[in-house]
Amino acid sequence: MDRVRVAIRLLSMIVILWIILIWIMMPTGAYGEQWWPNIKATVNSTYFGGQGAMMLIFTFPVLFVASLGCIYLHLVKKLNDNKKESKFKFNRFAVRKRPLLVKGSLGIVSNIELALFSMFIVLLVWSLANYIHNYFAKINPESAAKKGLEVWQNKLDVSGLAFAVVGNIALSFIFYPVARGSSVLPLFGLTSEASIKYHMWLENIVVILFTAHGLCYITFWGLTKHINKMLRWDFADVANLAGEIALLILLIMRAMSIPHIRRNMFELFYYTNHLYFLIFIFFIFHVGFAFACISLPGFYIFLVDRYLRFLQSRQKVCLTSARILPCVTVELNFSKSLGLNYNPTSTIFINVPSISKLQWHPFTITSSSNLDPKALSVVIKDDGSWTKKLYELLSSPMVSVEGPYGPASTNFLRHDTLVMVSGGSGITPFISIIRDLIFTSATLKCKIPNLILVASFKNSLYLTMLDVILPISGTPFDISHLHLQIEAFVTREKEPKPHDKKLIKTVWFKAHPTDAPISTILGPNSWLWLGAIIASSFVIFLILTGIITRYYVYPIDNNTGAIFSWSLESVVYILVVCFSIAITASAAVLQNKKKNSVEAKQMGTPSFYNADRELESLPHQSLGQATNVHYGERPNLKRMLLECKGSSVGVLVCGPKKLMEEVATICGSDLAENLHFESYSFSW
């Protein structure tokens, strides 16, 4: 199995290097004058027309890597499920991942992220400079005069084209970070949650380049007295109006993504953010389907992921109980299938139709699929209009979910000490880590790192969140093998305040006949099914495209690209893409739905009853000896982190921005070489 994984990674890297080489060579004269004409002449056929070469160079390699990645991740998952110690091998790549930039518009950026981002910017600058140089080299007074232009006007014209072509490079990558369940991100050790910032960076680059493209042409048309071209929608050429519509929607989306609007008017941001589909559709109308094949792979993978999420969201899930905490926080506990396994720090998206049918909100899963094989839990703090309504509707809410989504594997056991720093509800991802390590310490014969949880709360009522560290079930948990130290800081109270002992209550819900346990939409072998969907849908797309092109488009167009309507061709091929994905994904989901139904029947309907359970306001008795509560002070994080011994100290942080920046600054300094930083946040 190890040889197979190595072979897959090697083959994937070869293909990825080929893709990078194509991106580097595209703006050069060698590509435009030699490579592209030869490839086009070789691939040109009556079945695929002008887009055949584009699909071969840009679309096929990426989807091939995505399919290979699914096989690789399936093998990794099997390895993890078998609890082999290779799961916990030291990741040398992670050693050098340390915060380099902490405060700035890019957020917290590691040295590796900064290096890769700089390389991407260099690629864009290289491409823009080469395109402009090559375009300008072909312009002279004679060539400009033939077009009825002056030299500077012709240069303005081709400059706008150069901005568009380079903008398409950034557009090609923009959908990968938001394809939550795709294989591309996990293949590089990334998660969608951690990659959202990359999506935001790419969005800004796309906006800048496409805006420059639009302004160049609007200025050009205005100066040459052809402003009426703004409304032109050519039959078999670039549709100017379609491009302007796409740019206008893009600018609206970007305006609604401004941090102030996003945080204070989230619903406005959320709804306008769903206009991405219109942007890409009008983009295809603007440039034609053949050119759009350059950026099609990312959108294709995103469509597969989005359709699978849609199918999963149709099923209402079984909410078994809720633990209501005095700090206006609730832990929701769901029933889950035994075949659903996920790693710590995974997230799940929740929708409550009675509040809003369209809003989906991400929450960190606090349970462990190992320690809680039949349950999945999340902790939700009353912090916004949606969560306030949820808190009020706890009697019997109907709930749908998407996910879970998380890392393909974890490396927590590679550390000698694991320090988890949280602020407020930022404790939630660390609950899942502690629960998983409780299971690991009791079942596996391997070294468990020393655990230090540094949790800061505003007042003592929030100390009840520590009680959520252990699951709601009455099963005794052996934590004697776990070296856990909890340092809780109550920052706004100088001494303990007496509270009513009946502070935390548990409400049990009666199962609805149509509710089902949370399960993976594609079953236990979800990665293999996803790879099959990507591969088979693309094959179906190629077959249908070949038939349509050969017997419908080619008799009219004869591969000239100048007779058949670009818009009609784009509509046809977009529908073929959607049909291919829908038919294959639906078949895979239906097949696994039958298996999930059988498993649900075997599990039986859990017995639920309405009851309130009294729990202490301080942590569970088994955690009491490990907990130190400090009142009226903030943690001295610098001292605490630098005092940690061991060759490898993992430092995880989740909480307010200032807290994360403080921890990142300490880990990024030269004071300690053994600190390895990682952050979790949905505060974009």
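Bear in mind that the values here come from a model prediction, so they are computed numbers and not experimental data.

### Some words on the sheet that holds strand 10 (residues 450-457)
Step number 1: Reading across the sheet, the 6 strands line up as 13-11-10-9-14-15 and stay open at both edges, with parallel pairing between neighbours. Edge strands, defined here as strands with exactly one partner in the open sheet, are strand 13 (627-631) and strand 15 (675-679). Each strand of the sheet is rotated relative to its neighbour by a mean of 15°, with strand direction disregarded.
Step number 2: By the bridge criterion, 7 bridges tie strand 9 (residues 417-423) to strand 10 in an arrangement that is parallel. By the bridge assignment for strand 10, Thr-417 is matched with Asn-450.
Step number 3: Docked against the sheet, helix 17 (residues 428-443) engages strand 9, strand 10, strand 11 (484-490) and strand 14 (649-654), running at close to 150° with respect to strand 9.
Step number 4: Helix 22 (residues 657-668) rests against strand 9, strand 14 and strand 15 of the sheet, and its axis sits at about 155° to strand 15.

### Here's the deal with helix 5 (residues 111-137)
Step number 1: The end-to-end C-alpha distance of helix 5 is 38 Å, a good match for the 39 Å that 27 residues give at a rise of 1.5 Å each.
Step number 2: All of the buried residues in helix 5 are Ile-112, Glu-113, Phe-117, Phe-120, Leu-123, Leu-124, Ser-127, Leu-128, Asn-130, Tyr-131 and Tyr-135.

### Overview of the confidence of the model for the protein chain
Step number 1: Residues of the protein chain with pLDDT of at least 70 account for 90%, and the chain-wide mean is 86.
Step number 2: For the stretch residues 84-95, pLDDT sits under 50, and the model shows 22 contacts to residues farther than four places along the chain or on other chains.

### Quick notes on the sheet that holds strand 5 (residues 347-351)
Step number 1: Taking strand neighbours across the sheet as the criterion, the 3 strands line up as 6-5-8 in an open arrangement whose pairing is antiparallel. Looking along the sheet, the strands with just one partner apiece sit at the ends: strand 6 (361-364) and strand 8 (400-405). Between one strand axis and the next, the sheet turns through 25° on average, direction left out of account.
Step number 2: By the bridge criterion, 4 bridges tie strand 5 to strand 6 in an arrangement that is antiparallel. Within strand 6, the position partnered with Ile-348 by the bridge is Phe-363.

Basis of the calculations
- Residues numbered from 1 in each chain as written.
- Predicted model: local features only at pLDDT ≥ 70, side-chain atom pairs only at ≥ 80, totals over all residues.
- Heavy atoms only, no water.
- Pairing = 2+ DSSP bridges.
- Helix = DSSP H or I, 4+ residues; strand = E, 2+ residues; numbered from the N terminus.
- Axes fitted to C-alpha atoms, helices over the stretch in contact; angles between N-to-C directions.
- Contact = heavy atoms within 4.5 Å.
- Expected span 1.5 Å × (residues − 1).
- Buried < 20%, exposed > 50% of the residue type's maximum accessible area, 1.4 Å probe, protein only.
- pLDDT = per-residue confidence, 0-100.

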